[in-house]
Amino acid sequence: MNPLIKNVEYAVRGRLAIRAEEIRAGLEKGDKFPFDTVVNCNIGNPQQLNQAPITFFRQVASLCDNPDLLQEKNLPIVSQLYPADAIERARTLLHSIGSVGAYSHSQGVPSIRQTVANFLQERDEQAANPNHIFLTQGASSGVQTLLSMLTENSNSGIMIPIPQYPLYSASLALYGSTPVPYYLDESTGWSLDTDQLTQVVTNARKQGTDVRALVIINPGNPTGQCLSAENVRDIITFCREQKLVLLADEVYQTNIYEPEQRPFVSFKKALVEHPDADVRENVELVSFHSISKGMIGECGRRGGYFECVNIDDEILEQIYKMASVSLCPNLHGQILVDLMCNPPRAGDASYESYTGEIKGIYESLRRRSKKLEDVFNQMEGVSCKPAEGAMYLFPSVTLPQKAVQKAKEHGLEPDAYYSHAMLEATGVCVVPGSGFGQKENTWHFRSTFLPEERLFDQFCSNLQTFHAQFLKDHRD
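Residues numbered from 1 in each chain as written. Predicted model: local features only at pLDDT ≥ 70, side-chain atom pairs only at ≥ 80, totals over all residues. Heavy atoms only, no water.

With respect to the overall build of the protein chain
Each helix and strand in the protein chain was counted, giving 17 helices and 14 strands. Computed over its C-alpha atoms, the radius of gyration of the protein chain comes to 23 Å, within 12% of the 23 Å expected for a compact globule of 476 residues. Its C-alpha atoms put the protein chain at 75 × 60 × 50 Å along the principal axes. Burial analysis of the protein chain (476 residues in total) assigns 54% to the buried set. Excluding contacts between residues fewer than 6 apart, the proportion of contacts in the protein chain whose partners are at least 24 apart in sequence is 73%. Surface summary for the protein chain: the accessible area is close to 20,900 Å², and the carbon and sulfur share equals 48%. Computing the positive centroid from 43 side-chain charges and the negative centroid from 57, the protein chain places the two 5 Å apart. (Helix = DSSP H or I, 4+ residues; strand = E, 2+ residues; numbered from the N terminus. Rg over C-alpha atoms; globule rule 2.2 N^0.38 Å. Buried < 20%, exposed > 50% of the residue type's maximum accessible area, 1.4 Å probe, protein only. Contact = heavy atoms within 4.5 Å. Areas by Shrake-Rupley, 256 points an atom, 1.4 Å probe, with all protein chains shown as cover. Lys, Arg positive; Asp, Glu negative; His and termini not counted. Charge placed at Lys NZ, Arg CZ, Asp CG, Glu CD.)

Structure, rendered in structure tokens:
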């Protein structure tokens with residue numbers, strides 16, 4: 001076995017998630033627990049917690065899967081079941097794709113890459129080149145491709161945030177590269193200080209690490225912060241000064257809950273509008289997006305893309321070579337990328353229903369985010385920053401010394417011990433902060449706010465009851 005595999009840890013699907021599945025299986029067999037169901041708040045998987053899929057997207061996807069429905073002889077019946085714009089979009093996609101059962105271009109269907117380029121031009125007010133866009137199996141596979149290409153040897157360093165989404169630490173462990181951590185400041189809403197970035201990269205290079213790239217997750221996962229336009233520009237400037245490739249994980253770009261105070265600003269837009277021409281023309285940027293998040297939540301279909309800006313043509317050829325090794329990203333994911341980037345427009349038959357569904361999910365997420373934040377802040381010894389974006393809260397929890405000692409006896413980090421106790425008492429599965437990285441002697445956990453709104457009050461009440469009992473049982 002490759003020995004590096006043993007170094008890989010992925011807390012989101014780790015020990016707690018495995019135990020949650022054991023409990024779920026036990027419940028199905030009739031085993032008794034102090035709850036009736038397992039609630040998976042460990043991962044941003046909206047449809048697992050009964051978020052409804054977007055009707056138009058599923059209509060188009062189903063027609064692409066069953067093209068016989070589009071034959072003229074079937075249209076009198078099909079047109080009664082499907083709106084005209086869904087039928088037309090499916091025809092357009094199939095004209096470009098052929099069959100969803102066939103391999104596509106390794107970079108992704110050309111017409112779908114053009115749809116992504118059009119979306120980016122509309123978002124950033126700057127032209128995008130479809131030949132510099134790669135469709136992927138979710139954002140994760142694109143991230144892994146770039147991290148593997150940036151790794152020459154164990155001295156190759158990649159700057160990652162702490163706390164961070166463990167895709168990054170796990171992938172770097174697998175490729176044998178060196179993570180170079182920088183810390184987000186919880187006291188100021190998980191902000192990012194470019195002076196600290198400079199200090200971190202300088203110290204790492206002094207110690208012999210060849211620091212090559214900076215990873216930014218915006219909006220943040222697990223922390224939920226959204227960077228200001230000024231902060232985004234400063235980060236780009238920093239990357240030029242330090243000659244770093246900028247990897248921008250922007251999969252939560254539509255999960256913005258305070259758009260007036262803190263709107264999403266893409267790194268692409270900030271780069272092309274940077275006042276310094278040297279920066280605009282030379283910062284190497286790769287940005288990632290996905291169908292798994294936002295109001296879409298089509299995690300299981302595995303669709304995404306990344307766009308390369310200011311990347312040398314010879315490097316693009318190598319990226320394409322790596323993409324071709326996997327033949328192509330799956331067609332179902334590509335179709336959803338097309339629909340995400342070009343949804344129904346005003347005047348289309350599905351526009352009203354589409355916008356109603358999107359707005360309903362968005363407003364519900366905002367309400368649930370605020371309600372859960374308030375619940376956490378009412379708990380003794382718990383402090384929680386608001387989620388400006390994404391779909392998680394990352395509260396800090398002060399644990400009694402007795403709990404810390406008990407955790408040590410069980411061979412667990414204190415927040416992992418707390419999270420295991422929560423699962424056994426409530427059926428709620430979260431991820432301990434130690435799985436994301438955190439400042440020494442601080443303890444956190446990450447929870448989604450995805451449980452159904454009709455069940456949310458009971459969900460919150462269960463957490464409050466558990467926390468109070470946990471503190472009572474572990475008083476010093």
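A word on helix H9 (residues 229-242)
Taking 1.5 Å per residue as the helical rise, H9 with its 14 residues ought to reach 20 Å, and the 20 Å between its terminal C-alpha atoms agrees with that figure. Against strand S3 (156-162), helix H8 (194-206), strand S5 (210-217), strand S6 (245-249), helix H10 (267-272) and helix H11 (277-282) lie the buried residues of H9. Positive backbone phi, approximately 55 degrees, marks Lys-243, located one or two places after H9. (Expected span 1.5 Å × (residues − 1).)

Examining the pairing of strand S8 (residues 304-309)
S8 sits mainly inside the fold: 6 of its 6 residues count as buried. Residues Gly-304, Phe-306 and Cys-308 point to one face of S8 and Tyr-305, Glu-307 and Val-309 to the other, with burial holding for every one of them. For strand S2 (residues 133-136) and S8, the ladder comprises 4 bridges, and the chain directions are antiparallel. Residue pairing in the sheet places Leu-135 in a bridge with Tyr-305 of S8. (Pairing = 2+ DSSP bridges.)

Details of unusual backbone geometry
Negative phi characterises most residues that are not glycine, and trans characterises most peptide bonds. In this model, Ile-162 is joined to Pro-163 through a cis peptide bond whose omega is 0 degrees. One can find Pro-163 in the loop between S3 and helix H7 (167-175). Omega for the peptide link from Asn-221 to Pro-222 comes to 20 degrees, which places this bond in the cis form. Considering the arrangement of structural elements, one finds Pro-222 in the loop between S5 and H9. Not every positive phi belongs to a glycine, and Leu-327 is a case in point at roughly 70 degrees.

What about the sheet that holds S6?
Pairing is mixed across the open sheet formed by 7 strands, whose spatial order is S2-S8-S7-S6-S5-S3-S4. What marks the edges here is a single partner per strand, and that holds for S2 and strand S4 (178-183). Shown here is a sheet whose adjacent strand axes are inclined to one another by a mean of 20 degrees, direction ignored. Together, S3, S4, S5 and S6 form the strand contacts of H7, whose direction differs from that of S3 by roughly 160 degrees. (Axes fitted to C-alpha atoms, helices over the stretch in contact; angles between N-to-C directions.)

Regarding the packing of aromatic side chains
Enumeration over the complete set of coordinates arrives at 17 aromatic pairs. Residues Phe-394 and Phe-436 carry aromatic rings whose centres are separated by 5.7 Å and whose planes lie at 85 degrees to one another, so their mutual orientation is edge-to-face. One end of the pair, Phe-394, is in the loop between strand S10 (392-393) and strand S11 (396-397); the other, Phe-436, is in the loop between strand S13 (431-432) and strand S14 (445-448), and 42 residues separate them in sequence. Grouping residues by exposure puts Phe-394 and Phe-436 together as buried. The interplanar angle of 50 degrees and the centroid separation of 5.3 Å between the aromatic rings of Phe-456 and Phe-459 together place this pair among those described as tilted. Linking Phe-456 with Phe-459, this pair stays in helix H17 (residues 456-473), spanning 3 residues, or about one helical turn. Within the aromatic cluster, the residues linked to one another by ring pairs are Phe-376, Tyr-417, Tyr-418, Phe-445, Phe-466 and Phe-470. (Phe/Tyr/Trp six-rings, centres within 6.5 Å; stacked < 30°, edge-to-face > 60°.)

Remarks on the packing of helix H16 (residues 414-426) against H17
Put simply, H16 and H17 touch, their axes get as near as 10 Å, and they point 125 degrees apart. Our classification of the angle between H16 and H17 gives oblique. Crossing of H16 against H17: the hand is right-handed. Contacts between H16 and H17 involve Tyr-417, Tyr-418, Ala-421, Met-422, Ala-425 and Thr-426 on the former and, on the latter, Asn-462, Leu-463, Phe-466, His-467 and Phe-470. Class assignment for the residues of the contact of H16 with H17 results in 8 nonpolar, 3 polar and no charged. (Parallel < 35°, antiparallel > 145°, perpendicular 65-115°, else oblique. Left-handed = near helix turned anticlockwise from the far one by under 90°. Nonpolar A, V, L, I, M, F, W, Y, C, P; charged D, E, K, R; others polar.)

Concerning the pattern of salt bridges
When the charged atoms of two side chains lie near each other, side chains of opposite charge can form a pair. Throughout the structure, instances matching the rule amount to 21 salt bridges. Across the salt bridge formed by Lys-269 and Glu-273, the nearest N and O atoms sit 2.8 Å from each other. Judged by relative accessible area, which is 48%, Glu-273 ranks as partly exposed. A salt bridge links Arg-475 to Glu-380; the nearest nitrogen and oxygen atoms lie 3.1 Å apart. With Arg-475 in the segment after H17 and Glu-380 in the loop between helix H14 (351-378) and strand S9 (382-383), this residue pair connects regions lying 95 residues apart in the sequence. Note on Glu-380: relative accessible area 46%, which makes it partly exposed. Connected via shared salt-bridge partners are Arg-19, Glu-22 and Glu-424. (Salt bridge = Lys/Arg side-chain N within 4 Å of Asp/Glu carboxyl O.)

Overview of the sheet that holds S10
Taking strand neighbours across the sheet as the criterion, the 3 strands line up as S10-S14-S13 in an open arrangement whose pairing is antiparallel. The open sheet terminates on both sides in strands that have one partner only, identified here as S10 and S13. Taken together, the 2 bridges between S13 and S14 define a ladder with antiparallel strand orientation. The partner of Val-431 across the bridge, within S14, is Arg-446.

Some details on a negative patch on the surface
The grouping of Asp-312, Asp-313, Glu-314 and Glu-317 at the surface amounts to a negative patch. Within the element layout of this structure, Glu-317 appears in helix H12 (residues 313-325). (Patch = residues over 30% accessible without salt bridge, like charges linked within 9 Å, V, L, I, M, F, W, Y side chains within 5 Å.)

Structural notes on the nonpolar core
One finds Tyr-168, Leu-247, Tyr-305, Leu-372, Phe-376, Phe-449 and Phe-459 to be the most contacted residues of the largest nonpolar core, which totals 107 residues. The greatest single-element share of this core, amounting to 8 residues, is contributed by H14. Non-local contacts of Leu-247, meaning those with residues more than four positions away in its chain, are made with Leu-146, Leu-147, Leu-150, Ala-213, Leu-214, Val-215, Ile-216, Val-286 and Phe-288. Listed in part, the 33 residues of the second largest apolar core include Tyr-182, Leu-271, Val-431 and Phe-436. (Core = buried A, V, L, I, M, F, W, Y, C linked by side-chain atoms within 4.5 Å.)

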